[in-house]
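For reference, the chains in residue letters:
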Amino acid sequence: MGRVHFIGGEKGGVGKSLTTRLLAQYFIDNATPFMGFDADESHGTFSRFYKDFSAPLQVGDYDSLDNIITTAETYPDHDLIIDLAAQTAARLGQWINESDVFGMFTEMGHQIFIWHVMDDGADAMSLLDKTLESYPQQDLHFIVVQNMGRGEHFEMFEQSPVFQKAQRRNAYCMTLGKLHPKLVQKVDFNDLSFWAAANNRDLMNTPERQRMRVWLDNTYAQLDHFLKHDEKP
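Residues numbered from 1 in each chain as written. Predicted model: local features only at pLDDT ≥ 70, side-chain atom pairs only at ≥ 80, totals over all residues. Heavy atoms only, no water.

Undergrad: Before we go on, may I ask you to explain the layout of surface pockets in this structure?
TA: Empty space among the atoms becomes apparent when a probe as large as a water molecule is rolled across them. The volume enclosed by the largest pocket comes to roughly 720 Å³. Contributing to the lining of the largest pocket are 29 residues, with G15, L18, R21, R150 and V184 lying nearest its centre. If you list the elements that add at least two residues to the lining of the largest pocket, you get α1 (16–29), α2 (45–49), α9 (181–189) and α11 (206–227). Its boundaries defined by the atoms lining it, the second largest pocket holds a volume of some 300 Å³. Lining the second largest pocket are 20 residues; nearest its centre among them are E10, A89, T131, S134 and Y135. At the level of elements, β1 (3–8), α4 (89–99), β5 (111–118) and α6 (122–134) are the ones that each hand at least two residues to the lining of the second largest pocket. At five residues, the largest contribution of residues to the lining of the second largest pocket is made by α4. Of the residues that constitute the lining of the second largest pocket, the class distribution is 10 nonpolar, eight polar and two charged. (1 Å grid on protein atoms, 1.4 Å probe; cavity = no way out; pocket = protein on both sides within 12 Å on 5 of 7 lines; lining within 4 Å. Points joined across faces, edges and corners; volume = space filled by probe spheres on them. Helix = DSSP H or I, 4+ residues; strand = E, 2+ residues; numbered from the N terminus. Nonpolar A, V, L, I, M, F, W, Y, C, P; charged D, E, K, R; others polar.)

Here is the structure:
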């Protein structure tokens, strides 16, 4: 059956939409059917780069949120990606608790993944702690994304009680490597998917395309650990 990916982190600017786009590209490259929801009404980054795979989502509107459930029922073999904006956890959590959303997904046979994208600051670590406390269910899969593009020193986090708590929840901690700033800028200004950035000879030179391929390959190798269909997370 399908999987549901809530990609959050609560803090703005840590790379939530970047992670969402990366996961979308991973599914495209692996021929995995998926549908996405973009809850970032102010930027809509996911929708801008992968408009054929995403629909708008209003976290404060239950009718809008209920579309996630309807989509899961209509397309039971699809993965669902929900790109959450900053400071949406309380409203999302209210909908999840009042509607027993996780219970519905369990009945449908869907696995639930809670993604926490973070920089190397203390506030990102504290927000992860709150996320772990908010979702005590043992059948959830936690993915912690340490974004090297938003911080290079995660040693304090890896030595913290929060990291140990995440490990006790069997969270998978992955590292999102840093892309060269000029490469990120070219991708952004030209509205390129990551596939296009790795293959478009008209817009990207050979070293740039190769850097994108290396970045994707390194990240895909980590995603393979818990997203390959023939493996259990």
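Undergrad: Would you take a moment to explain the pattern of salt bridges for this structure?
TA: Pairing is possible between side chains of opposite charge, provided their charged atoms come close. This model, assessed by the stated rule, comprises 10 salt bridges. With a closest N to O distance of 3.0 Å, K11 and D123 form a salt bridge. Within this pair, whereas K11 is found in the loop between β1 and α1, its partner D123 is found in helix α6, the two being separated by 112 residues in sequence. On the basis of relative accessible area, D123 is assigned to the partly exposed category, the value being 38%. Residues K178 and E152 are paired through a salt bridge, measuring 4.0 Å at the closest nitrogen-oxygen approach. Within this pair, whereas K178 is found in the loop between β7 (172–176) and α9, its partner E152 is found in the loop between β6 (141–147) and α7 (155–158), the two being separated by 26 residues in sequence. Residues participating in the shared-partner salt-bridge network are K11, D119 and D123. (Salt bridge = Lys/Arg side-chain N within 4 Å of Asp/Glu carboxyl O. Buried < 20%, exposed > 50% of the residue type's maximum accessible area, 1.4 Å probe, protein only.)

Undergrad: I tried to follow the environment of E158 on my own but got confused; where do I start?
TA: Considering the arrangement of structural elements, one finds E158 in helix α7. The class for E158 is partly exposed, based on a relative accessible area of 39%. Along the primary structure E158 and C173 are separated by 15 residues, whereas in three dimensions their C-alpha atoms are 9.8 Å apart. Residue contacts for E158: discarding those within four places in its chain leaves Q146 and F163. (Contact = heavy atoms within 4.5 Å.)

Undergrad: Could you clarify how one ought to interpret the pairing of β5 in this entry?
TA: On a regular strand, one side chain projects to one face of the sheet and the next to the other, so that they alternate. Of all the eight residues making up β5, seven are buried; the element is thus mostly covered by neighbouring parts of the structure. Here β1 runs beside β5; their pairing, made up of six bridges, is parallel. Paired with I7 across the bridge in β5 is W115. Pairing geometry for β5 and β6, over six bridges, is parallel. Bridge pairing in β6 links H116 to V144. The handedness of the β5 to β6 crossover, carried by α6, is right-handed. (Pairing = 2+ DSSP bridges. Right-handed = clockwise from strand over helix to strand, strands pointing away.)

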